[in-house]
Each structure stands twice: as structure tokens, then as C-alpha cells.
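As a plain string of letters, each chain reads:
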Number of protein chains: 2
Amino acid sequence: MKLTRRKLEIVATAAKLFRKKGYNAVSMRDLAQALEIKAASLYNHINSKQEILGIIILDVAENFTQHMNSVSPENISSIKKLESVIENHIQITIEKTDALACLNNDWMHLEKLDLENYLMMRNTYEAKMRNIIEQGIQQKELQERNIDLVLFSLLSTLRTLHLWYSKNKEVSPQLLFEEMKQNLLHGIIR
Amino acid sequence: MKLTRRKLEIVATAAKLFRKKGYNAVSMRDLAQALEIKAASLYNHINSKQEILGIIILDVAENFTQHMNSVSPENISSIKKLESVIENHIQITIEKTDALACLNNDWMHLEKLDLENYLMMRNTYEAKMRNIIEQGIQQKELQERNIDLVLFSLLSTLRTLHLWYSKNKEVSPQLLFEEMKQNLLHGIIR
DNA sequence: AATTTAAACTAACAATCGTTAGTTTTGTTA
DNA sequence: TAACAAAACTAACGATTGTTAGTTTAAATT
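Source: prediction; values computed, not measured.

What counts, and where the lines are drawn
- Residues numbered from 1 in each chain as written.
- Chains lettered and ligands numbered in written order.
- Predicted model: local features only at pLDDT ≥ 70, side-chain atom pairs only at ≥ 80, totals over all residues.
- Heavy atoms only, no water.
- Contact = heavy atoms within 4.5 Å.
- Buried area = accessible area lost by both parts, 1.4 Å probe.
- Salt bridge = Lys/Arg side-chain N within 4 Å of Asp/Glu carboxyl O.
- Polar contact = N/O pair within 3.5 Å; in protein donor to acceptor, adjacent residues only side chain to side chain.
- Helix = DSSP H or I, 4+ residues; strand = E, 2+ residues; numbered from the N terminus.
- Nonpolar A, V, L, I, M, F, W, Y, C, P; charged D, E, K, R; others polar.
- Near = heavy atom within 4 Å.
- Least-squares fit on C-alpha atoms with pLDDT ≥ 70 in both.

Some points on the interface of chain B and chain A
With 38 residues of chain B at the interface, the matching set in chain A holds 38 residues. Overall, the association of chain B and chain A removes approximately 3700 Å² of surface from exposure, summing both partners, and the carbon and sulfur fraction of that is 59%. When the buried area of chain B at its contact with chain A is split by residue, Ile 188, Ile 189 and Arg 190 of chain B rank highest and sum to 20% of it. Seen at the junction of chain B and chain A, the total is 0 salt bridges. For the pair chain B and chain A, the number of links is 29 residue pairs in polar contact (both at pLDDT 80 or more). Listing elements by their share of the side of chain B that touches chain A, those giving two or more residues are helix 1 (5-21), helix 4 (78-95), helix 7 (147-159), helix 8 (161-165) and helix 9 (173-186) of chain B. Considering only residue class, the side of chain B that touches chain A consists of 18 nonpolar, 12 polar and 8 charged.

Take a look at the structure:
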């Protein structure tokens with residue numbers, strides 16, 4: 001089934017609802033009501049509830065993958081790479097807030113091929129980011145630390161930034177980027 | 001209905017399942033099967049599925065509240081206070097991993113009084129932690145930054161640390177504490 | 001050993017779930 | 001204007017949901 005304009009409306013509305021209540025707590029009747037149609041009518045446009053979740057999550061995952069591929073082998077410092085990753089997370093946070101929240105909260109409700117693809121992309125992403133950190137330590141740009149814990153510290157904040165952003169939408173992307181770069185890379189102590 | 005030994009077993013098993021699949025994706029039949037009894041038998045011990053979620057989450061929330069109250073007005077430096085908060089998060093992460101994950105993922109499925117109580121405690125907790133940061137900036141212990149963003153950066157990592165810990169249980173609490181203190185307070189750049 | 005209590009069971013309920021079939025309405029093209 | 005396609009509708013399905021009622025078994029107490 002093709003990705004028509006109407007189908008994208010349905011997916012966007014679903015992302016909004018999934019984000020607020022979680023995939024399993026949103027019924028097809030809830031989704032239909034939000035679109036002011038009946039539940040059965042949804043199936044003129046989509047194949048299943050599962051398909052909607054897959055579209056939402058894999059689209060975001062591909063955005064992350066694409067950016068990481070573009071920055072990963074570049075011949076620049078680890079810190080510049082990390083800054084680029086941070087910037088990308090912020091951009092996706094701003095542009096695809098709902099879908100990003102879905103990815104974070106409901107990826108485990110993907111099934112079969114969609115779940116496989118997602119996990120594949122996530123593992124690859126984390127491995128490449130881990131390499132950046134490792135390289136940074138070897139080149140003495142970063143402090144000697146537990147690599148996996150550094151990786152987690154960065155990602156945990158970047159992944160859930162949408163929680164902060166949705167309550168602080170007035171802040172400019174530039175300022176957000178500068179502050180996050182400081183917090184994550186330089187810490188908070190004077 | 002009193003909190004008997006059996007009831008605590010049910011709650012602990014539920015926390016494990018809720019953590020893996022989410023509150024709404026776990027049926028009472030799933031929970032019963034994990035305990036090797038029939039679903040109806042659960043109701044000899046508990047009043048409702050909702051009650052289980054409330055017990056899991058409010059217990060953890062009270063732990064956080066209690067510790068924050070004990071450290072909040074103390075006459076010590078902001079940094080020492082923050083270190084104590086970090087330490088407490090790590091301890092709860094280790095000791096109540098499943099329940100902490102439930103709190104993070106499923107608090108929005110609490111209802112009525114439980115939801116009110118949880119939100120009340122969370123708001124108070126965040127306000128007190130915000131005060132610690134504000135005080136730290138005023139006393140020149142911390143850098144001048146967006147307070148709310150600093151607060152979020154710290155909490156986002158601390159709250160989801162269970163995701164890292166459940167895959168790295170071999171690390172000692174002391175080492176984990178030292179590394180997290182470094183990452184969160186001093187940053188990662190050399 | 002008799003009695004009481006705790007904790008399991010079977011059976012079933014009303015409600016809700018995702019989804020399908022078939023039909024009607026709406027809007028566009030020939 | 002007639003024909004066609006897109007997108008809504010009504011009605012209903014089988015499965016699953018949380019929960020209740022009533023019963024039986026096991027354990028503890030008298």
C-alpha cells in the first residue's frame with residue numbers, strides 16, 4: 001500500500017497518540033476518533049496497526065543511520081564528530097519529536113522484520129559512536145573512562161531530550177546545541 | 001488488602017514482566033503463568049492490576065523522595081549534594097532495577113490518586129534538585145548555564161541508568177559511582 | 001481429629017481489541 | 001452526465017481483556 005498524503009496524516013496522528021499513551025494503550029478506535037473517521041475506514045489506507053508503528057520508527061532510525069554514516073569515517077577530530085552527532089540528535093528531536101518518542105518508548109513492540117531492522121540499525125549506530133569515543137580516548141582528546149558508560153551517558157540524554165524540548169519549545173536550536181555541547185562534553189562544574 | 005509475602009512475590013514478578021513488555025502488554029494471564037497459577041487466583045491477593053502498578057511505582061518514588069529530603073537542606077556544598085543524589089540513583093538502580101524501569105516507562109498509566117501522588121512527588125523532587133543546581137551556580141561551584149537543561153541532563157542519564165546496568169551487572173557500585181560522577185559533573189573532554 | 005483459614009481452582013461475564021466484508025457517499029475524470 | 005475511483009460508512013467476527021462468583025484443595029490452628 002503506497003504512502004499517500006492521507007496515509008501520512010494517519011501515521012503522524014498515530015505518532016502523536018502513541019507518544020502520549022504508548023502503542024498498546026492506543027486503540028484503532030482512538031486513532032480513528034482523532035482523525036474524525038471510523039476505525040474501519042483506516043484500513044482503506046493502512047494494512048495494520050503494526051505497519052503504522054513500523055513506518056514511524058524505521059523512518060527515524062534511518063535518519064540516525066544516515067547521519068552517522070556521513071560523519072563516521074570522516075577525517076576530523078573525535079570531538080568534532082561527537083558535536084555533529086549531538087547536533088543531529090537535537091535536529092531530529094526538534095523536527096520529529098513525536099516519532100522519536102515512539103522509537104524510544106515502543107520499539108520493543110515492533111515485530112519480525114521491522115524489529116530485526118531496527119535492532120540492526122541501533123547496534124550499528126552504537127558501535128560506530130563507540131568507535132568515535134574510543135578513537136577520542138586513544139588520541140588523548142577524551143579522558144580515560146569506561147567507554148560503554150561514556151557512550152551511555154551521552155546517548156541517554158540525547159535520546160530523551162524530546163522530554164525536555166516538548167516543554168521548552170521556545171529555545172532556539174543554536175542555543176540548545178551550545179548548552180548541550182557544554183553539558184555533555186565539558187560537564188557542569190566550574 | 002494487606003501486603004503479605006505472596007503479594008510481594010506477585011508484585012515483584014509483575015515488575016519484571018512490566019519492565020520487559022510494558023504495563024499494557026502484560027495481561028493478568030501472563031502474570032499468572034509466570035507465577036504458575038491461574039489468573040483468577042491472583043485476586044485472592046490483589047485488588048486489581050492497577051493496584052500492582054501503584055505499589056511498584058510509589059514504593060520507588062518514596063525512596064527518591066526520602067533521600068532528597070534527607071540531603072536537601074543540609075549545610076554542605078552543592079557538589080556534595082549532587083554527588084549524594086547521584087549515589088542514591090545508582091543504589092536504587094542496582095537494588096530495584098525492575099521497579100525503577102516501571103516507574104520510568106509506565107507512570108502515565110497510573111490512575112487517580114496514585115497518579116496524583118506520583119506527580120506530586122516527582123515535581124517536588126525536581127524542584128529540590130533544581131534548587132541545588134541554582135545554589136551551586138550562585139556560589140560559583142557550577143558553571144553559568146540554563147538551569148533546567150542542566151537538571152534534565154543529569155536526570156535523564158540517572159533515570160535510565162538501569163538500561164546500562166542490566167547489561168553490565170558485573171561492575172561494582174563504587175566504580176560505577178566514581179565514573180558517573182566524572183561523566184556527569186566533569187564531562188568527558190580531557 | 002475437627003475446624004478454620006488461605007490459596008488454589010473452574011467457569012463465565014461484559015467490554016474491548018484489531019480486523020474484514022460489503023455498502024454508500026464523495027470527488028474526479030472521460 | 002455517465003463512469004470510475006477514493007474514501008468514508010455500518011455491521012459484525014473471533015480473540016483477548018480484567019474481573020467476579022462459586023467451589024475445591026491444602027495448610028494451619030484448636
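Notes on the protein's contact with DNA strand C
Around DNA strand C, 16 residues are found, and the nearest of them are Met 28 and Tyr 43 of chain A together with Lys 38, Asn 44 and His 45 of chain B. Among all atoms of DNA strand C positioned within 4 Å of the protein, those belonging to sugar or phosphate total 56%. Within the side chain of Asn 44 of chain B, one N or O atom sits 2.3 Å away from a base nitrogen of DNA strand C. Separating a phosphate oxygen of DNA strand C from a side-chain N or O atom of His 45 of chain B is a distance of 2.6 Å.

What about the relation of the copies chain B and chain A?
When chain B is fitted to chain A, the best match, at an RMSD of 0.0 Å, comes from turning it 180° and sliding it 0.0 Å along the axis. The operation mapping one copy onto its partner corresponds to a two-fold rotation axis. Of the C-alpha atoms belonging to chain B, the one lying closest to the rotation axis is found on Gly 187 of chain B, 1.8 Å away.

By themselves, these figures tell us nothing about what the structure is for.
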